[in-house]
Amino acid sequence: MNAEASQDNGKAAQRSSLTAEEVTFFETFGFLVLKQHFTPEEVKTISTELKHAVDLTYKDAAFDSSADSSERLQGVDLTSSSTPYIYSLPERPHLYGIAKQLFGEDVIGHETDVNLFVGDTRWHPDRSGRDIKTHEFGCKFCFYPDPLDGETGALRLIPGSHRLPFFDALREVPGISDPKNIRNIPSIVCDNEPGDVVVFNLNCWHASCGGQPGRVQFAIVYYATPKTPQHLKEMRFQFTRNRQMAVEIALSNNKIPPTPTPEEVLDRGDSPLMTSWLLDRRQEFGYFDFDNDVYIEELQARQRDKNG
Ligand SMILES: O=C(O)CCC(=O)C(=O)O
């Protein structure tokens, strides 16, 4: 059987929707573990592409396994030629179908990220800003290609932390962001076998501990289309923050910060759906209006103030 045919066999076994019980679980607790959601064939394809992408990304400048935590994210470059299957995943029914079921037909795919983690990840939600009122903001599908448990970097989540007022109350827990306290916060550990997928509400607080340097995570984020002025405000803030974080991550890795442009998105030759997500929808939320230089000056001024 050739690779394409076996991959198609894999796809036939996959489901693209959740049961009513699973939807209720997700809405109540803020996450769901989809055991063996990716077929063995698909895991093989994804793992091969991941390895290839990691080798390409780190062929000139080696991955820094001595970084003191995962917070200095070390990403892996994905392209339609080096990682074609991974690249196509956000549009595939077994992820997109579920995202639509959870966040509406007009849910917005927000690209795929692969990162090599080092050390522990402190407790945090994947939302930026203090004035957060929207808990139906979006979700992240996470896949880890290696077996993991609570002591080797499996994802931990705090059930119900996606909803206010619990979401906000967690910020006030003394020491919550101290890496020493990861194990002390009540949570569920999602032990992982290759093929499992964890989908969590972006508001849901999560962490991990004990991972080996170079632990691979790949994640696909979908955002709900804003339906209220408050949600729109939070969305615009999130897109600004995404651009700011891209600058911060690049600078911390001694790289030139990326300056995404609409032309670049068009050049990638994606499908109409992907183009609408990465271009039209992003334009609505001010993604391309961000000025890296202004932000870099702001960061430098902050640093000068800090140094006195
Ligand atoms: O796997 C981990 O260490 C945590 C991942 C994480 O923080 C995230 O996906 O946002």
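Everything below is about the structure printed above this text.
Student: Hey, could you run me through the overall build of the chain in this one?
Tutor: Check the secondary structure of the chain and you find 10 helices and 10 strands. Since a compact globule built from 308 residues should have a radius of gyration of about 19 Å, the 19 Å found for the chain is in line with a globular shape. With respect to the three principal axes, the spread of C-alpha positions in the chain is 65 × 45 × 45 Å. The proportion of buried residues among the 308 residues of the chain is 31%. Across the chain, the fraction of contacts at a sequence separation of at least 24, relative to all contacts at a separation of at least 6, is 85%.

Student: Help me understand the environment of Asp280 in this model?
Tutor: Tracing the backbone shows Asp280 in helix α9 (residues 272-284). Taking the C-alpha atoms as reference, Asp280 lies 16 Å from Thr240; in sequence the two are 40 residues apart.

Student: Explanation requested: the sheet that holds strand β8 (residues 197-201) in the structure shown.
Tutor: Hydrogen bonds between backbone groups are what pair the strands of a sheet, and the pairing can be parallel or antiparallel. Spatial ordering of the open sheet is given by β1-β8-β5-β10-β3-β2, a layout of six strands whose pairing is antiparallel. Because the sheet does not close on itself, it has two edges, and the strands there are β1 (31-34) and β2 (74-75). Bridge count for β2 against strand β3 (residues 108-117) is two bridges, and the pairing is antiparallel. Paired with Gly75 across the two strands is Asn115, which belongs to β3. Contacting β3, β5 (138-143), β8 and β10 (215-223), helix α5 (residues 93-103) crosses the sheet at an angle of about 150° to β5.

Student: Can you walk me through the site of the ligand in this structure?
Tutor: Among the 11 residues in the neighbourhood of the ligand, the closest are listed as Phe117, Thr121, Asp126, Ser208 and Gln217. The set of elements that each furnish at least two residues to the shell around the ligand consists of β5, β9 (206-208) and β10.

Student: Just to check I follow, could you spell out the sheet that holds strand β4 (residues 121-124) for this structure?
Tutor: Strand order in the open sheet formed by four strands is β4-β9-β6-β7, with antiparallel pairing between adjacent strands. For this open sheet the edge positions go to β4 and β7 (188-190), each flanked by a neighbour on one side alone. Direction aside, the axes of adjacent strands within the sheet are offset by 25° on average. Pairing geometry for strand β6 (residues 155-157) and β9, over two bridges, is antiparallel. Each bridged residue has a counterpart across the sheet, and for Arg156 the counterpart in β9 is Ala207.

Student: I keep staring at the pairing of β3 and nothing clicks. Help me out?
Tutor: The side chains of a regular strand alternate between both faces of the sheet. The pairing of β3 with β10 spans eight bridges and is classified as antiparallel. Paired with Thr112 across the bridge in β10 is Ile220.

Student: Looking at this structure, how should I read unusual backbone geometry?
Tutor: Excluding glycine, residues mostly carry a negative phi; peptide bonds, for their part, are mostly trans. Pro165 follows Leu164 through a cis peptide bond whose omega is 0°. Here Pro165 shows up in the loop between β6 and α6 (166-171). One non-glycine residue, Gln36, lies in positive phi territory at about 50°. Residue position: Gln36 is located in the loop between β1 and α3 (40-57). By the C-beta count within 10 Å, which is 14 here, Gln36 ends up partly exposed. Residue Asn254 is not a glycine yet carries a positive backbone phi of 55°. Checked against the element boundaries, Asn254 lands in the loop between α7 (229-252) and α8 (262-267).

Student: Please explain helix α10 (residues 292-307) as it appears in this structure.
Tutor: Side chains that are three or four residues apart share a direction in an α-helix, a result of its 3.6 residues per turn. In this model, α10 (16 residues) spans 22 Å end to end at C-alpha, consistent with the 22 Å of a helix rising 1.5 Å per residue. The element α10 is barely covered by neighbouring structure, given that only zero of its 16 residues are classed as buried. Positive backbone phi, at 80°, marks Gly308, one or two positions downstream of α10.

Scoring rules and cut-offs
Sequence order as written defines residue numbering, which begins from 1 separately in each chain. In view of the model being predicted, local features appear only for residues whose pLDDT reaches at least 70, and side-chain atom pairs are presented and counted only at 80 or more, with totals across whole chains, interfaces and linings using the full set of residues. Secondary structure elements follow DSSP: runs of H or I of four or more residues count as helices, runs of E of two or more count as strands, with numbering from the N terminus. It is over C-alpha atoms that the radius of gyration is taken, and the globule rule equals 2.2 Å times the number of residues to the power 0.38. Exposed residues have 12 or fewer other C-beta atoms within 10 Å of their own C-beta, buried residues have 20 or more, and partly exposed residues fall in between, where C-beta atoms are placed from the backbone. Once C-beta atoms are placed from the backbone, any two residues with those atoms within 7 Å are in contact. At least two bridges found by DSSP between two strands is the condition for calling them paired. Helix axes are fitted to C-alpha atoms over the stretch in contact, other axes to C-alpha atoms as well, and angles between N-to-C directions run from 0 to 180 degrees. Here, nearness means that the C-beta atom of a residue, built from backbone geometry, sits within 6 Å of the molecule or strand in question. Take the residue count of a helix, subtract one, and multiply by 1.5 Å to get its expected span.

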